[in-house]
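Listed below, chain by chain, are the residues.
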Amino acid sequence: MILMPAASGVGAVVLAVSSQGRPLMAVLAVVVLVASIAVGVVMVIGMRTGERRRTRQLRERYLDHVELVRRQAREEAAGQRRRAARDHPHPRRAAGRAALPGRRPHRPAVALEGLTLRVGMGTVSLDRPVVVSDDGADPLADGDPVCVWAAAEVAAQCTVLTEQPVTVRLSPHEAVTISGPADRVRSAARALLAQIVAAYHSADLAVLICSGDSAAWEWAKWLPHCVSRSGCDGPLPGRLIAGHPARAAELLAVETERNSITDSRSRRTVVVIVDRLDIQKDPEVAIVEDAAGAAHAFVIH
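Reading the values: rules and limits
- Residues numbered from 1 in each chain as written.
- Predicted model: local features only at pLDDT ≥ 70, side-chain atom pairs only at ≥ 80, totals over all residues.
- Heavy atoms only, no water.
- Helix = DSSP H or I, 4+ residues; strand = E, 2+ residues; numbered from the N terminus.
- Buried < 20%, exposed > 50% of the residue type's maximum accessible area, 1.4 Å probe, protein only.
- Contact = heavy atoms within 4.5 Å.
- Areas by Shrake-Rupley, 256 points an atom, 1.4 Å probe, with all protein chains shown as cover.
- Pairing = 2+ DSSP bridges.
- Patch = residues over 30% accessible without salt bridge, like charges linked within 9 Å, V, L, I, M, F, W, Y side chains within 5 Å.
- Salt bridge = Lys/Arg side-chain N within 4 Å of Asp/Glu carboxyl O.
- Expected span 1.5 Å × (residues − 1).
- Arc of directions from axis to C-beta.
- Polar contact = N/O pair within 3.5 Å; in protein donor to acceptor, adjacent residues only side chain to side chain.

A. Layout of the overall build of the protein. Looking only at helices and strands, the protein features 7 helices and 8 strands. Burial statistics for the protein: of 301 residues in total, 34% are counted as buried. For the protein, the share of sequence-separated contacts (at least 6 apart) that also reach a separation of at least 24 residues comes to 77%. Total accessible area on the protein is roughly 18,700 Å²; 59% of this is exposed by carbon and sulfur atoms.

Here it is in structure tokens:
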């Protein structure tokens, strides 16, 4: 594109030099020379501005795409927050919900295989985080700095969520242990228990408490989940609350035997809460652990 006006300019110079006896041709050659220079300047400017225009257009399109991804990530984050607030409410709200039987669905006991409880608030990963493909190993990949920065910024902002429920998943093959000062440990255990009794009906789930401090768990006798289906305490049904590991193992064995003679719809999964602050010094706790393992029960120390 630049060679054409350059060639016409050289031709105009040759024409002017060779037309000394013809003034009209010399003037025409000068005009062609000036026009060639002007066309060359215009073409050079056009090439530069055209490249910049294309770069700007591509950059605008990519930034529009980045903004679309940002909006989609924000919608995903809002949906994840709503689901977390619905599935893992504050323990106080969960305890209040337990008093409304109509809002507590009847779930089969096998659903406890996926029992997930809220243990606090913290930072969690986004279910669908934004990931930027890395072409750093490709020597031919030359990204626009503005676009690369915008994509990296969105990826950094759309990776985690703060102030979200942090959960722990119960498994019948592993015990969940809460350690620390006695008051804080029992507060955490009460919060977990509130979520359990709020999410599951007493026909599906039983709670057995083994504690040497009966006064700390006196309130639990009012939970329908702690009512034993076998045995009585005077004129009232017995409670699945024991002050000694051996007694807790007996209650658990009775509950397990009851499950074995009933149909699958009447079986109750058992959650065992072991409140032994000196657990490392108390070898009798192993009695409860062995009984819970045989009954496929969930254990919270």
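B. Main features of the sheet that holds strand β3 (residues 205-211). If you walk across this open sheet you meet the 4 strands as β6-β3-β7-β8, and the pairing is parallel. The open sheet has two free edges, formed respectively by β6 (241-242) and β8 (298-300), since each of these has just one partner strand. In this structure, β3 lies alongside strand β7 (residues 269-275), joined through 7 bridges in parallel fashion. From the neighbouring strand, Leu 208 faces β7, where its bridge partner is Val 272.

C. View of the pairing of β7. Burial runs high along β7: 7 of the 7 residues are buried. Residues Thr 269, Val 271, Ile 273 and Asp 275 line one face of β7 and the alternating positions Val 270, Val 272 and Val 274 line the opposite face, and both faces are buried. Inspection of the sheet shows β7 paired to β8 by 3 bridges, in the parallel sense. Counted as the bridge partner of Val 272 is Val 299 from β8.

D. Highlighting a nonpolar patch on the surface. Taken together, the side chains of Ile 37, Val 41 and Ile 45 make up a nonpolar region of the molecular surface, amounting to roughly 270 Å² of accessible area. Topologically, Ile 45 is positioned in helix α2 (residues 23-87).

E. Inspection of the pattern of salt bridges at higher detail. This model, assessed by the stated rule, comprises 8 salt bridges. A salt bridge links Glu 76 to Arg 128, with the shortest nitrogen-to-oxygen separation between them at 3.1 Å. With a gap of 52 residues between them, Glu 76 in helix α2 and Arg 128 in the loop between β1 (116-125) and α4 (145-157) connect regions that are remote in the sequence. The exposed category is assigned to Arg 128, whose relative accessible area is 58%. Here Arg 86 ties to Asp 87 by a salt bridge, and the two come within 2.9 Å at their closest N and O atoms. Linked through salt bridges whose partners overlap, the residues forming this network are Arg 186, Asp 213 and Asp 275.

F. View of the environment of Val 288. Of note, Val 288 is situated in helix α7 (residues 285-295). Placed 15 residues apart in sequence, Val 288 and Ile 273 show a C-alpha to C-alpha distance of 9.9 Å. Residues within four places of Val 288 in sequence aside, it is in contact with Cys 210, Pro 245, Ala 248, Val 272 and Val 274.

G. Focus on helix α5 (residues 182-199). Along its 18 residues, α5 runs 26 Å from first to last C-alpha, staying within 8% of the 26 Å computed at 1.5 Å per residue. Listed as buried for α5 are Val 185, Arg 186, Ala 189, Ala 191, Leu 192, Leu 193, Ala 194, Gln 195, Ile 196, Val 197, Ala 198 and Ala 199.

H. Region of interest: α4. For α4, built from 13 residues, the straight-helix expectation of 18 Å at 1.5 Å per residue is met to within 8% by its first-to-last C-alpha distance of 18 Å. Those residues of α4 that sit buried are Cys 147, Ala 150, Ala 151, Val 154 and Ala 155. In an axial view of α4, the angular spread of the buried residues amounts to 135 degrees, which keeps them on one side of the axis. Summarising the geometry of α4, the exposed residues directed more than 90 degrees from the buried face are Pro 145, Trp 149 and Ala 156.

I. Fine view of the side chain of Asp 275. Position of Asp 275 relative to the elements: it lies in strand β7. Reaching out from Asp 275, the side chain makes a polar contact with the side chain of Ser 211 at a distance of 3.3 Å. Among residues more than four places away in sequence, those in contact with Asp 275 are Arg 186, Cys 210, Ser 211, Gly 212 and Trp 217.

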